[in-house]
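# Remarks on the overall topology
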Amino acid sequence: DAKTTQPPSMDCAEGRAANLPCNHSTISGNEYVYWYRQIHSQGPQYIIHGLKNNETNEMASLIITEDRKSSTLILPHATLRDTAVYYCIVRSSGSNTGKLIFGQGTTLQVKP
Amino acid sequence: DVKVTQSSRYLVKRTGEKVFLECVQDMDHENMFWYRQDPGLGLRLIYFSYDVKMKEKGDIPEGYSVSREKKERFSLILESASTNQTSMYLCASRTGTGHYNEQFFGPGTRLTVL
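This report concerns the structure included in the present document. (Residues numbered from 1 in each chain as written. Chains lettered and ligands numbered in written order. Predicted model: local features only at pLDDT ≥ 70, side-chain atom pairs only at ≥ 80, totals over all residues. Heavy atoms only, no water.)

## Some remarks on the state of the cysteines
Residues and elements named next belong to chain B. Rule in force here: Two cysteine sulfurs form a disulfide in these notes if their separation is within 2.5 Å. The secondary structure listing takes helices from DSSP runs of H or I that are at least 4 residues long and strands from runs of E that are at least 2 residues long, numbered from the N terminus.
Summed over all chains, the structure comprises two disulfides over all chains. Disulfide partner of Cys-23: Cys-91, at an S-S distance of 1.8 Å. Around the S-S axis, the bridge from Cys-23 to Cys-91 shows a dihedral of about -75 degrees and counts as left-handed. Placement of the pair is Cys-23 in strand E3 (residues 19-25) and Cys-91 in strand E9 (residues 87-94), with a sequence separation of 68 residues.

So, in structure tokens, the structure goes:
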């Protein structure tokens, strides 16, 4: 599975969009990009995933560059409850173990 | 909603004790996982199970064993707890079919070994 690089921390004002970047320059053709987040003292929570097209759900949008070497998770209107560590994970659709490799993630602090 | 529950949120044990961490999921998921989470090291996979009575070692299985006698329950066992096993332990489950890899995590058990 390809390695990902994320900034260690980011701040965002409440009500504004939070844009969290992720680099995955060694991603291969059958690898998906997944985003999870972990709110303090809780287990990680799935947010969204994608292959090459942009994706949107009720929580967030995922923008993947055309060369697929990077992506951005967008929380359109961040709230204080979005303060968490956000993990970008790349893994192959062919893998049947379900193993996720969590890096260090980005700590997003949403400020009033 | 999928629910993954873990037997304890906080646990304190002594060195050498045998420790059981229990995890139960209610969505008939085939796959279940045990991770530990430590500052600066992220989440690391200890063991996983893709079916009843089936288990596979993860990245850091030393000092741990697991048991899956029923589909909904996956237990992590520390045969003889040591201080370096002080950590947050997270259980997860997922359906075994398809590439869609949403894993559902429990709330975690913070284990302290004295």
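## Things to note about the sheet that holds strand E7 (residues 65-70) of chain B
Residue and element names in this part refer to chain B. Threshold: Paired strands, as defined in this entry, are two strands with at least two bridges between them according to DSSP. Fitting a line to C-alpha atoms yields each axis, with helices limited to the stretch in contact; the angle taken between N-to-C directions then spans 0 to 180 degrees.
If you walk across this open sheet you meet the four strands as E1-E3-E8-E7, and the pairing is antiparallel. At either margin of the open sheet sits one strand with a lone partner, and together these are strand E1 (4-6) and E7. Neighbour-to-neighbour, the strand axes of this sheet turn through a mean angle of 20 degrees, independent of strand direction. Across four bridges, E7 lies against strand E8 (residues 73-78) in antiparallel orientation. When the sheet's bridge partners are listed, Lys-70 is paired in E8 with Arg-73.

## Quick look at the interface of chain A and chain B
Put simply, an interface is often sized by how much accessible area is lost when its parts join up. Operational definition: When checking whether two residues touch, look at their non-hydrogen atoms; a contact exists if any pair is within 4.5 Å. Two parts placed together each lose some accessible area under a 1.4 Å probe, and adding up what both lose gives the buried area. For this document, the term salt bridge refers to a Lys or Arg side-chain nitrogen within 4 Å of an Asp or Glu carboxyl oxygen. Polar here means any residue other than Ala, Val, Leu, Ile, Met, Phe, Trp, Tyr, Cys and Pro, which are nonpolar, and Asp, Glu, Lys and Arg, which are charged; Gly is therefore polar.
The interface is formed by 21 residues belonging to chain A together with 22 residues belonging to chain B. When the two sides are added together, the surface that chain A and chain B hide from each other amounts to roughly 1700 Å², 51% of it contributed by carbon and sulfur. At the junction of chain A with chain B, the criterion picks out zero salt bridges. Among the secondary structure elements, those contributing two or more residues to the side of chain A that touches chain B are strand E3 (31-38), strand E4 (45-50) and strand E8 (84-92) of chain A. Considered class by class, the residues forming the side of chain A that touches chain B number eight nonpolar, 11 polar and two charged.

## Notes on the sheet that holds strand E5 (residues 55-56) of chain A
Residues and elements named next belong to chain A. One open sheet holds the four strands; their spatial order is E2-E7-E6-E5, and the pairing between them is antiparallel. A strand with exactly one partner marks an edge of an open sheet, and here the two such strands are strand E2 (18-23) and E5. With four bridges joining them, strand E6 (residues 61-64) and strand E7 (residues 70-75) adopt antiparallel strand pairing. The partner of Ser-61 across the bridge, within E7, is Ile-74.

## Quick look at the pattern of salt bridges
Residue and element names in this part refer to chain B. Test applied: Each residue is placed in one exposure class: buried if its accessible area under a 1.4 Å probe, protein chains only, is under 20% of its type's maximum, exposed if it is over 50%, and partly exposed if it falls in between.
Throughout the structure, instances matching the rule amount to eight salt bridges over all chains. Taking the shortest distance from any N to any O, the salt bridge between Arg-36 and Asp-38 comes out at 2.8 Å. Assigned by exposure class, Arg-36 and Asp-38 land together as buried. Among the salt bridges present, the one from Asp-38 reaches Arg-44, with a minimum N-O distance of 2.8 Å.

## A closer look at the pairing of strand E9 (residues 106-111) of chain A
Residues and elements named next belong to chain A. Of the two faces of E9, the one lined by Thr-106, Leu-108 and Val-110 is fully buried and the one lined by Thr-107, Gln-109 and Lys-111 carries no buried residue. Pairing of strand E1 (residues 9-13) with E9 involves five bridges; the strand directions are parallel. Counted as the bridge partner of Ser-9 is Thr-107 from E9.

## Topic: the packing of aromatic side chains
Keep this limit in mind: To pair, rings of Phe, Tyr and Trp, with the six-membered ring standing in for Trp, must have centres within 6.5 Å; the planes then decide the type, stacked if under 30 degrees apart, edge-to-face if over 60, and tilted in the middle.
Counted by the stated rule, this structure contains 11 aromatic pairs over all chains. Arranged with centres 5.9 Å apart and planes meeting at 85 degrees, the rings of Phe-102 of chain A and Phe-105 of chain B form a pair that is edge-to-face. Of this pair, Phe-102 of chain A sits in the loop between E8 and E9 while Phe-105 of chain B sits in strand E10 (residues 104-105), each in a different chain. In this structure Phe-105 of chain B comes out as buried when scored by relative accessible area, which is 12%. Put simply, the rings of Tyr-36, Tyr-46, Tyr-87 and Phe-102 of chain A together with Phe-33, Tyr-35, Phe-48 and Phe-105 of chain B pair up and form one aromatic cluster.

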